[in-house]
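# Descriptive structure summary
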Amino acid sequence: DAMVIQNPRYQVTQFGKPVTLSCSQTLNHNVMYWYQQKSSQAPKLLFHYYDKDFNNEADTPDNFQSRRPNTSFCFLDIRSPGLGDAAMYLCATSRDRGNSDTQYFGPGTRLTVL
Amino acid sequence: AQKVTQAQTEISVVEKEDVTLDCVYETRDTTYYLFWYKQPPSGELVFLIRRNSFDEQNEISGRYSWNFQKSTSSFNFTITASQVVDSAVYFCALSEVMTGFQKLVFGTGTRLLVSP
């Protein structure tokens, strides 16, 4: 089945230690998104890639970076995680980025910062 | 600015009861799309439905149904004969196109607890 895969499902890191989260998709979609979701809150968009074009949200901290080496993979790098970065990180994809496109989400990676 | 309001923070029902989750939205766009997603305890956001602003027909999919009313800017979701597996957080979202790309504006979610 075509899907969005995230690895690992659970990640524990230490304060200030860089961490990378991975997302892959078999849907061959052009757009990949990264969301941060804290407990009991709605998902918050961090950035997205439209093909190789990177689009950052204005309020996304510089601590968060992303890479998309090819159509299938996208990575979220947190350069120096703080305690406030503990959250669920959700990857999503859509065929295109028009108003009507549906975003399909992966299972998420739950990040714990010690 | 666009906004989605899910006033019900948490709803508890007993299995087999019907339950309606409310969603009210604000937008200045004439063309827009509305979505419902389900987030079970596992964390994945599962797509349930997409509805465009020109289609006000109600939709039914098994035990799920959706009532879209432009006059009241509402897109409510009803689960008939609820089951324990329906326990999850449900998000309503509005699609806006800003600077050339779609951005989902999510409501704060409604947590549904279905007990046996």
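Up top you'll find the structure we're talking about.
Structural notes, computed from the coordinates. (Residues numbered from 1 in each chain as written. Chains lettered and ligands numbered in written order. Predicted model: local features only at pLDDT ≥ 70, side-chain atom pairs only at ≥ 80, totals over all residues. Heavy atoms only, no water.)

### Some words on the packing of aromatic side chains
Tallied over the entire structure, the rule returns 22 aromatic pairs over all chains. Consider the rings of Phe64 of chain A and Tyr89 of chain A, whose centres lie 6.1 Å apart with planes at 40°: the pair is tilted. Taken together, the residues span a long stretch of sequence, with Phe64 of chain A in strand 7 (residues 64-67) and Tyr89 of chain A in strand 9 (residues 87-94) at a distance of 25 residues. In terms of burial, Phe64 of chain A and Tyr89 of chain A fall into one category: buried. An aromatic cluster is present here, built from Tyr33, Tyr35, Tyr104 and Phe105 of chain A together with Phe35, Tyr37, Phe47, Phe91 and Phe106 of chain B joined pairwise through their rings. When the ring centre of Tyr50 of chain A is taken as reference, the NZ or CZ atom of Arg97 of chain A above it lies at 4.2 Å. (Phe/Tyr/Trp six-rings, centres within 6.5 Å; stacked < 30°, edge-to-face > 60°. Helix = DSSP H or I, 4+ residues; strand = E, 2+ residues; numbered from the N terminus. Buried < 20%, exposed > 50% of the residue type's maximum accessible area, 1.4 Å probe, protein only. Lys NZ or Arg CZ within 6 Å of the ring centre and 35° of its normal.)

### Brief notes about the pairing of strand 6 (residues 46-52) of chain B
On a regular strand, one side chain projects to one face of the sheet and the next to the other, so that they alternate. All names here are of chain B. Relative to strand 6, strand 5 (residues 33-39) runs antiparallel, the two sharing six bridges. Paired with Phe35 across the bridge in strand 6 is Arg50. Taking the residues between adjacent antiparallel strands as the criterion, strand 5 and strand 6 are bridged by six residues, where Gly43 takes a positive phi near 110°. (Pairing = 2+ DSSP bridges.)

### Some points on the nonpolar core
Residue and element names in this part refer to chain B. Membership of the largest hydrophobic core comes to 24 residues, with the highest contact counts inside it found for Trp36, Phe77, Tyr90 and Leu112. Elements represented by at least two residues in this core include exactly strand 2 (10-14), strand 3 (19-21), strand 5, strand 8 (64-69), strand 9 (74-79), strand 10 (88-98) and strand 12 (110-115). Top element by residues in this core is strand 10. It accounts for four residues. (Core = buried A, V, L, I, M, F, W, Y, C linked by side-chain atoms within 4.5 Å.)

### Quick notes on the pattern of salt bridges
Residue and element names in this part refer to chain B. Applying the stated criterion to the full structure yields seven salt bridges over all chains. The partner of Arg51 in a salt bridge is Asp55, and the shortest N-O contact between them spans 3.7 Å. The closest approach of N and O atoms between Arg51 and Glu59, which form a salt bridge, is 2.4 Å. With relative accessibility at 4%, the residue Arg51 sits in the buried group. Each member of the salt-bridge network shares a partner with another, and the members are Arg51, Asp55 and Glu59. (Salt bridge = Lys/Arg side-chain N within 4 Å of Asp/Glu carboxyl O.)

### Structural notes on the environment of Gln14 of chain A
Take Gln14 of chain A: it is sitting in the loop between strand 2 (10-13) and strand 3 (19-25). Setting aside its immediate chain neighbours within four residues, Gln14 of chain A contacts Pro81, Val113 and Leu114 of chain A. (Contact = heavy atoms within 4.5 Å.)

### A word on the sheet that holds strand 8 (residues 73-78) of chain A
Residues and elements named next belong to chain A. Ordered in space as 1-3-8-7, the four strands form an open sheet in which the pairing is antiparallel. A strand with exactly one partner marks an edge of an open sheet, and here the two such strands are strand 1 (4-7) and strand 7. Sheet twist, expressed as the average angle between the axes of neighbouring strands with direction ignored, equals 20°. As paired strands, strand 7 and strand 8 are joined by four bridges and run antiparallel to one another. Bridge assignment links Phe64 to a residue of strand 8, and that residue is Ile78. (Axes fitted to C-alpha atoms, helices over the stretch in contact; angles between N-to-C directions.)

### Here's the deal with unusual backbone geometry
Look at the link from Asn7 of chain A to Pro8 of chain A: it is a cis peptide, with omega at -10°. With phi around 50°, Ser73 of chain B is a residue other than glycine that occupies positive phi space. What makes Ser73 of chain B partly exposed here is its relative accessible area of 24%.

Geometric descriptors of this kind do not, in isolation, establish any biological role.
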